[in-house]
Structure formats: structure tokens, C-alpha cells
Protein chains: 2
Amino acid sequence: MSRYDVVVVGAGPAGLSAALNAAIRHKSVLVIGPVMSEKLRRTARIDNYLGMPGCSGEAMLTQFRDQVAELPVEFLEERIQTIYDMGDFIGLLRENGEILEAQAVIVATGISFGNTIPGERRFLGRGVSACATCDAALYRGKAVIVVGYNAHSAEDARFISEVAGRTTFINRTGRPVQLGDTIRVIEDKPIAVEGDAAAERLIFKDFTLEADGFFFVRDAVKSDELVPGLRLSDDGIHAAVERDMSTNLPGIYACGDITGKPYQIAIAVGQGQLAGLSAAEYVTKRAASHR
Amino acid sequence: MSRYDVVVVGAGPAGLSAALNAAIRHKSVLVIGPVMSEKLRRTARIDNYLGMPGCSGEAMLTQFRDQVAELPVEFLEERIQTIYDMGDFIGLLRENGEILEAQAVIVATGISFGNTIPGERRFLGRGVSACATCDAALYRGKAVIVVGYNAHSAEDARFISEVAGRTTFINRTGRPVQLGDTIRVIEDKPIAVEGDAAAERLIFKDFTLEADGFFFVRDAVKSDELVPGLRLSDDGIHAAVERDMSTNLPGIYACGDITGKPYQIAIAVGQGQLAGLSAAEYVTKRAASHR
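Everything in this summary refers to the structure shown in the same document. (Residues numbered from 1 in each chain as written. Chains lettered and ligands numbered in written order. Predicted model: local features only at pLDDT ≥ 70, side-chain atom pairs only at ≥ 80, totals over all residues. Heavy atoms only, no water.)

1. Quick word on the overall build of chain A
- Counting secondary structure elements, chain A contains six helices and 15 strands.
- In summary, chain A has a C-alpha radius of gyration of 21 Å against a globular reference of 19 Å for 291 residues, a match within 12%.
- Taken along its principal axes, the extent of the C-alpha atoms in chain A is 70 × 35 × 35 Å.
- Burial statistics for chain A: of 291 residues in total, 55% are counted as buried.
- Carbon and sulfur atoms provide 48% of the accessible area of chain A, an area that totals close to 12800 Å².
- Computed over 31 positive and 37 negative side-chain charges, the separation of the two mean positions in chain A equals 1 Å. (Helix = DSSP H or I, 4+ residues; strand = E, 2+ residues; numbered from the N terminus. Rg over C-alpha atoms; globule rule 2.2 N^0.38 Å. Buried < 20%, exposed > 50% of the residue type's maximum accessible area, 1.4 Å probe, protein only. Areas by Shrake-Rupley, 256 points an atom, 1.4 Å probe, with all protein chains shown as cover. Lys, Arg positive; Asp, Glu negative; His and termini not counted. Charge placed at Lys NZ, Arg CZ, Asp CG, Glu CD.)

In C-alpha cells, the structure reads:
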């Protein structure tokens, strides 16, 4: 049975930053998660991370991982089933039934958007986007459709319309929206996204809309599946964290998208640094009190 | 008189990240502050910022600034005297008496450690350090002296001693400390740091201590000088911020070291991103409500 000072679950920007900083504090560190994030692999260009202008998501994450791999950090490419407090340590249940032991765990698994409509995932990064901040500028002067499922989506449509061209808002919020004269609002349910190399049209029961870009603005799904007992923030979706990235569970920290919006790389890396340093301090203090 | 959507005060990692992200949201942005941070200029090597392994502080900040300068962001190299709410806008008083106007202001001025002893500033980065996390690894196996002024400094000394060699703690906390057998504790007042090319010895009234590294662990000075009415956090030193980096004053945001410890670059860049996006959203909403 393997025992680590710090186990990081999630190998995206937040998890890698957490691992880097815990390792710099001389803790034994294991990172568990896929080598490449699907979301970053589909991100053609990132312009708002300082130090790597105009980098693709894949190149950025590869460079992050190479940097962490220079340190004595172990990597494991699999999924963890459950994380739970075993009293003296934190247990991580592997798919093969084995239990990994850690003094501190950092949860950096990101968020999932649950059900999507056919074609939505397939065309992500090729005409379909889930992030107004990230991708609005790609559609300057072009026709875009914003499919809004949550309360914030009308706000996103307004922002996108300031940057992009002709904007249509598909209102799936369940409430009336006021979007001014420049944004067309349609109250109907989209069935699928279709296209050839990239997304080209949004299919409804009785009609079809064409556009250059399609934004799907949804709420993420609840973040406590992996960690029973994890307290969620007021939105009922994200992990609630203190200023030092600790959760309500002793020794368990969270960072990155799982802690809330905006979902952005520099924020994830900064939170990862803080979580890594906080977890390392927790381990050091625990060792001191056990002496 | 110039009016900007967002004025960023401070041109370090936090301020530049804030400017980058507000500009990406299509706001007019001015950054005010020195081209090079004295603290980063003296930092020979930074290993815990993802994407730029083993970079010097000066090279890192230069690359950050070059990236932001690619965007339509203005820079002004001077000091702001005071920031205050003018009702319809936020005023920034320049040294020449002129007032700059902004809809939102982001305060990213870092922190200051106030009075130091002779030689402490001069040898910063050459044998003198103010950051245990950053620099402990530089003194592996070497003799270090930790001069501790605040409650956390004994903790820092313990961490440094795990990494470095023989460790001496100069207790200026005003309280007794318990540091175990491996750390020598001295209760006396240091007068100066002396050396040739680098710091070599700490001078007391009646004796002198030699070492390879000297850590000065102090509290920062209060952060509300620039912004009258700014609420401080519970420590009475740093700016109190909400999750979105807003302060108690409408339209005024804060990010980076001024918001609290640990003082780290990735944290500053992540907070800057969040402050930049929050300030941009504030400006957009304000414009919508004025329509």
C-alpha cells in the first residue's frame, strides 16, 4: 500500500500547480488524472495567461506537465472512485479496489456540464463554445447563437453581442429575458447541432438556424460526487472553500473550476499554488504535532 | 482630462494580469506604476510559476509586460497620491495635482515592509530574503539565520530548518518560542547586516553571527494609505476582498500581495485575472444601467 503526503486528484492547470508547489515544499506528491484535458485539447488559442501568449490549450498543458515532471512527483493515469476520511489518513479508492493513502488530498477535477444535445460535444472547439470570455473574440463580426440555460446566460449573450456580430439568444432559462434591440430572442428548444468539419446550424423541431458560432451556457453539475460530505457553496454546484483553499473536511483542499466561476486558467493555477502550499503546511504541522 | 474604463494601480504580476483581462473584455485600460519591481529584479530564479520554469524575476516581469503591451493598454510610470470616490467616477490624484478618472480601479500595489535594519535592503536577493517559501531551497545544507518579528516567523524558521542546514532564530516576536533541539534561539536585537558582495554577518551590540543566508520575517505595513476608507482584513494589514476581488468601496478592486499571504506570483496572476474580469463586468453593467 502506497502512502503519500499529498495526493492531487486532477491533472489540469490547477492540479499541476498544486503538485508543483507541494513538491517544492518537499512533500511526496502523487497526481492522478488523464494526461490531456479534453477541454484544453480543443482550445485552439489562449490569450489571457501571462507568460504564454497565443498558446494552444494542448501545448500549454503539455508544457505545464513537463515542468512538474522535472520534480520528484509521481503520476497515475486513472480515475478515483471515492475519497473519504479514514481517521488517521485520507483514503482514495482506485478502480481496482485498492486504497491509496494520503495525509492531504487536493481535489482539482474541474466541473462537468452533464447532459448535452447531440453534436454539442463533437463540435466543441470547432464552432461550439462553453465560454463567453474565452471565445467571443473568435467571432468578431460573425453571426452567433447563444443557447442560455442559466440565469447568467443573458448577461453572457450581451457580452458576446458587444464583441461578435449578429447575436441570437435561445432562451432556455425558464424566465423572460430583456436583451434590447440588437439581440434576437427565440423561445424554443434546440434538438441538435449539425455541420461538416465545424458546427454550422442549430436544429429545432420546425426550423433550423445557421450561424458561425454556437455558445452553450449551462450550469455545471454538483461537485460532491467524488467526496461524500463535501460542503458545496451557495450555488449548490461548486465546492465551498476557505481563503486557503481548505474545504469543510480536514486535510482536503479544492482548487480550480470546481471552486466556482469564472472558469479560467490563471485563476486555476493561482488557486492550485495556494492549495499546494496550504496542504504542505497542513502536513508539516501534523508531523510536528505527532512528534 | 483623461477618462478610462479601468485604471490599474501597480504594474507587477497582479496588475498586469488584471490589465490583460480587462483589455480582453474590450475595456479601455491604463496601468500606473514602475516598469520594474525592485523585489522581482532581485529575484534570481522562480521555480513555481507554471509555464516559465527557472525564470529570473526580471525576465518574467519583462515578458509579462511585453505581452500586455501587445494589447491597446496605456502605461504611465509614476505614483498615485490618493484614490477616492467622486460619486459618478473614481478619481486618482497624480503627483502633478491632475486627477485621472476611472469607472473602476484595481489596486495592485503590493505590500511594503516598512522600516528595515541597515544592510537589509541592500543585500536583498544577495544573501537576504523576506520569503521562506521562495528561498529556503537556496540554502540547502548551509547556515541560515531567521530574524523573526511576527507570530508566524517561528513556523517559517521550522520550515527553513527542514530544508536548509544549521538554523538560528533571532526572536523579535516579543513572546517565548518553542523550536525544538535543532534550532538555536537567540533573544537579542540585531543592528545591521554586513558583507561584501553578499550578506555575510548579522551585527549585534556585543557580538556578531556569521551565516550564508539571512531571512527577515516581518509583517507588512497597513494597506489603506492610498485608498481612504478601504476596509482591511482581520489582520489589520491587508485589503479585505470578496471572492470576486471587490473591496468595500464600489468599483474598487484589489489583487496580489495587498490582499494577503502567501505572497506568490501565480496567486497574484490568478487574482489579477479575476479582478480584471470582475472590474470589466462592473463597467459593462454600469453602462447598461445608464442607458
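Okay, back to it.
2. What about empty space enclosed by the protein?
- Inspection of the entire model under this criterion finds one cavity of 30 Å³ or more.
- The wall of the largest cavity is formed by Gly260(A), Lys261(A), Pro262(A), Ile267(A), Gln271(A), Arg243(B) and Leu274(B).
- In the lining of the largest cavity, the residues fall into three nonpolar, two polar and two charged. (1 Å grid on protein atoms, 1.4 Å probe; cavity = no way out; pocket = protein on both sides within 12 Å on 5 of 7 lines; lining within 4 Å. Points joined across faces, edges and corners; volume = space filled by probe spheres on them. Nonpolar A, V, L, I, M, F, W, Y, C, P; charged D, E, K, R; others polar.)

3. Quick look at the sheet that holds strand 14 (residues 213-217) of chain A
Residue and element names in this part refer to chain A.
- Strand order in the open sheet formed by five strands is 7-14-8-9-10, and the pairing between neighbours is parallel. Single-partner strands in this sheet number two, and they are strand 7 (128-129) and strand 10 (183-186).
- Where strand 8 (residues 144-148) meets strand 9 (residues 167-171), five bridges bridge the pair, whose relative direction is parallel. Residue pairing for strand 9: valine 144 is matched across the bridge by threonine 167. (Pairing = 2+ DSSP bridges.)

4. Some details on the relation of the copies chain A and chain B
- After a rotation of 180 degrees and a shift along the axis of 0.0 Å, chain A superposes on chain B with an RMSD of 0.0 Å. Look at the turn and shift together and you get a two-fold axis relating the two. For chain A, the residue whose C-alpha comes nearest the rotation axis is Gly270(A), separated from it by 2.3 Å. (Least-squares fit on C-alpha atoms with pLDDT ≥ 70 in both.)

5. Brief notes about the side chain of Asn150(B)
All names here are of chain B.
- For asparagine 150, the location among the structural elements is in the loop between strand 8 (144-148) and helix 5 (153-163).
- With relative accessibility at 4%, the residue asparagine 150 sits in the buried group.
- Not counting residues within four places of it along the chain, the set of residues in contact with asparagine 150 comprises Thr173, Val217, Arg218, Asp219 and Lys261. (Contact = heavy atoms within 4.5 Å.)

6. Considerations on the packing of aromatic side chains
- By the definition in use, this model includes eleven aromatic pairs over all chains.
- On the basis of an interplanar angle of 70 degrees and a centroid distance of 6.2 Å, the ring pair of Tyr253(B) and Tyr282(B) is categorised as edge-to-face. In this pair, Tyr253(B) is assigned in strand 15 (residues 252-254) and Tyr282(B) in helix 6 (residues 265-290), connecting sequence segments 29 residues apart.
- In this structure Tyr282(B) comes out as partly exposed when scored by relative accessible area, which is 23%.
- Grouped by ring-pair contacts, the aromatic residues Tyr49(A), Phe64(A), Tyr49(B) and Phe64(B) constitute a single cluster.
- Over the face of the ring belonging to Tyr149(A) we find Arg218(A), whose NZ or CZ atom lies 4.1 Å from the ring centre.
- The residue whose ring lies beneath Arg25(B) is Phe159(A), and the NZ or CZ to ring-centre distance is 3.9 Å. (Phe/Tyr/Trp six-rings, centres within 6.5 Å; stacked < 30°, edge-to-face > 60°. Lys NZ or Arg CZ within 6 Å of the ring centre and 35° of its normal.)

7. Observations concerning the pattern of salt bridges
Residue and element names in this part refer to chain A.
- Scanning all chains against the criterion turns up 28 salt bridges over all chains.
- Of the charged contacts, one joins glutamate 101 and arginine 3 as a salt bridge, the two residues approaching to 3.2 Å between their closest N and O atoms. Of this pair, glutamate 101 sits in strand 6 (residues 99-107) while arginine 3 sits in strand 1 (residues 3-9), placing them 98 residues apart in sequence.
- According to the relative accessible area criterion, glutamate 101 is buried, its value standing at 10%.
- Residue lysine 222 pairs with aspartate 224 through a salt bridge whose shortest N-O separation is 3.8 Å.
- Each of Glu38, Arg41 and Arg42 takes part in salt bridges that share partners, so that together they form one network. (Salt bridge = Lys/Arg side-chain N within 4 Å of Asp/Glu carboxyl O.)

By themselves, these are just geometric observations and shouldn't be taken as functional.
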